Amino acid sequence: MGAVSRPRARGAAEALLDYNAVHLGRPTPQDPPLMLGCELPMGTCPDMCPAAERAQRERERRLHRLEVVPGCRQDPPRADPQRAVKEYSRPAAGKPRPPPSQLRPPSVLLATVRYLAGEVAESADAARAEVASFVADRLRAVRLDLALQGAGDAEAAVVLEAALATLLAVVARLGPDAARGPADPVLLQAQVQEGFGSLRRCYARGAGPHPRQPAFQGLFLLYNLEMGSRMLPLEFLGSSDPPAPPSQVAGCLPSCPVNCLFLSTLLLRRRHSSVEALREVLQLPAALRTCPPLRKALAVDAAFREGNAARLFRLLQTLPYLASCAVQCHVGHARREALARLARAFSTPKGQTLPLGFMVNLLALDGLREARDLCQAHGLPLDGEERVVFLRGRYVEEGLPPAGTCKVLVESKLRGRTLEEVVMAEEEDEGADRPGSPA
């Protein structure tokens, strides 16, 4: 295959840097420690996007359609100051630090996250993949603005928590066909990990209290139950389980050393990521580990590792919305593992039937139709509309497991609330046992 375009190669390089920062402890340009020895300014920009950037992107025709004045037919389109959001621009060597007038203070950054969660993420006139790509880029700019100024850890944590919650929600809302849209699944997953890294470093600096820390430490564990192969789109993996070796993966990619190095790094770390996440959570202070959100996350992790599908899906149905968003990427794999165990237990040469309703209840599926689709995707024949037949030798696994709609496990958890309400006040019903200071 031909060489990849320059923008794609640059995106993969940035994703590798972000992944190294989160999992290998290497700094990125967004890490405040790089600024040690310098007195950081406080931002003074009152808008979601500085006026100078709005004017420049308007001249260069780089405004996103979600940022232009509604109904504007002007050429070039005019930026709407109430909708334009500062885009991410990676700091470059030798480039001067932006002046305070180009940096948004924490209060404006929090208002920006609120706008992205309440207006953009709920937009009905844009595809979910387009929304996810736009929101991820703007939230990355939020984290960078925060790192370039001298904000306190407490107010920084509030912004980072809201930004991460928004990103988790928009990524979870992507459908199974998102890989063919404008959202890059690999880079989106890297952005989520970068968000966790920034927030957990903020927590680790010791200033607090951070009332939502137990919930977000739990989200970190849930998101990293088994991260490795499910960070990658299907075309990068082949159909083997465990996934194809790095040499095989590299062979199906464009001839880009950065792509090959990035994906090989992810695959080589597959078997260690969930163990590392669990180890880091278990090293937290006891006052944090005993909080309800972390206790439940640890219980989910244990059920997932043990392959106890009945207990796992009972626990998943009790998780609040954000935790359900964090764990959603593992649901398909857990259902496949449970179905494989059922096939080994029930398959006979003549076939043995099982009610699909049993599987709906066991695996928290969204109804009989999804149960039928799951069985047929794994080669199991049906007996009518409500029973599956387990025939020896018929069960197969091809590619990644079906994503599923997850209405029961995720969407139903909103319970009439908007995403903005969830992002700004998630887990309030589980805060009774929060520690006063986790340090």
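Up top is the structure these notes are about.
Below or above, wherever it landed, is the structure these notes cover. As the structure is a computational prediction, the values presented were derived from the model and not from experiment.

Turning next to the overall build of the protein. Counting its secondary structure elements, the protein contains 18 helices and two strands. Out of the 439 residues belonging to the protein, those deemed buried represent 51%. The long-range fraction of contacts in the protein, counting pairs at least 24 apart against all pairs at least 6 apart in sequence, stands at 74%. A total of about 19500 Å² of accessible surface is found on the protein, and carbon and sulfur atoms cover 54% of it.

Counted according to the given criterion, the structure contains zero disulfides. Looking at C49, it has no disulfide partner, and the nearest cysteine sulfur is the one in C45, 7.5 Å off.

With that out of the way, let us pick up the environment of E280. Within the secondary structure layout, E280 lies in helix 10 (residues 270-282). As for E280 and Q217, which are separated by 63 residues in sequence, their C-alpha atoms are 9.5 Å apart.

Across the interface, helix 16 (residues 356-363) lies against helix 17 (residues 368-377) with an axial gap of 9 Å and an inter-helix angle of 95 degrees. It follows from the interaxial angle that helix 16 and helix 17 lie roughly perpendicular. Contacts from L356, G357, M359, V360 and L363 in helix 16 reach L368, A371, R372, L374 and C375 in helix 17. The residue makeup of the contact of helix 16 with helix 17, split by class, is eight nonpolar, one polar and one charged.

Let's shift gears to helix 5 (residues 153-172). With 20 residues, helix 5 should cover 28 Å at 1.5 Å per step; its first-to-last C-alpha distance of 28 Å lies within 8% of that length. The buried fraction of helix 5 amounts to 17 of the 20 residues, a majority that puts the element mostly inside the structure.

Attention now goes to the packing of helix 5 against helix 6 (residues 185-204). Contact pair helix 5 / helix 6: the axes reach a minimum separation of 9 Å and the direction vectors enclose 160 degrees. On the basis of the axis angle, helix 5 is roughly antiparallel to helix 6. Our pair here, helix 5 against helix 6, has a crossing hand that is left-handed. On the side of helix 5, the interface is formed by D153, A156, A157, L160, E161, L164, L167, L168 and V171, while helix 6 contributes L188, Q189, Q191, V192, G195, F196, S198, L199, C202 and Y203. Split by residue class, the contact of helix 5 with helix 6 holds 13 nonpolar, four polar and two charged.

Overall, the coordinates contain three aromatic pairs when judged by the stated rule. Measuring from centroid to centroid gives 5.7 Å for F196 and F220, while their planes differ by 65 degrees, and the two rings are edge-to-face. One end of the pair, F196, is in helix 6; the other, F220, is in helix 7 (residues 213-223), with 24 residues separating them in the sequence. Comparing F196 with F220 shows no difference in burial state: the two are buried. Relative to Y223, the ring of F196 lies with its centre 5.8 Å away and its plane at 40 degrees, an arrangement referred to as tilted. Residue F196 is found in helix 6, and its partner Y223 is found in helix 7; the two are separated by 27 residues along the sequence. Of the two residues, F196 and Y223, both sit in the buried class. One aromatic cluster in this structure is built from F196, F220 and Y223.

Cut-offs and rules
Note on numbering: residues in each chain are counted from 1, in written sequence order. Residues qualify for local features only when their pLDDT is at least 70, as the model is predicted, and side-chain atom pairs are given and counted only at 80 or more; totals for whole chains, interfaces and linings, by contrast, use all residues. To get the side-chain values, take all heavy atoms of the structure and skip hydrogens and water. Strands are runs of DSSP state E lasting at least two residues, helices are runs of H or I lasting at least four, and both sets are numbered from the N terminus onward. The classification of residues rests on relative accessible area computed with a 1.4 Å probe and restricted to protein chains. Under 20% of the type maximum is buried, over 50% is exposed, and intermediate values are partly exposed. Pairs of residues are marked as contacts when any of their non-hydrogen atoms sit within 4.5 Å. Surface exposure here means Shrake-Rupley accessible area, sampled with a 1.4 Å probe, where a residue is shielded only by the protein chains that are shown. For the purposes of this analysis, a disulfide is any pair of cysteine sulfur atoms at a distance within 2.5 Å. Every axis corresponds to a line fitted to the C-alpha atoms, with the helix fit spanning only the stretch in contact, and the corresponding angles, defined between N-to-C directions, vary from 0 to 180 degrees. The cut-offs work like this: below 35 degrees is roughly parallel, past 145 is roughly antiparallel, 65 to 115 is roughly perpendicular, and the gaps in between are oblique. Charged residues are taken to be Asp, Glu, Lys and Arg, nonpolar residues to be Ala, Val, Leu, Ile, Met, Phe, Trp, Tyr, Cys and Pro, and polar residues to be all remaining types, Gly included. Any helix carries an expected span of 1.5 Å times its number of residues minus one. The crossing is said to be left-handed when, going from far helix to near helix, the turn is anticlockwise and less than a right angle, and right-handed when the turn is clockwise. For Phe, Tyr and Trp, where Trp contributes only its six-membered ring, two rings pair if their centres lie within 6.5 Å, and the inter-plane angle classes them as stacked under 30 degrees, edge-to-face over 60, or tilted in between.

Keep in mind these numbers describe shape, not what the thing actually does.
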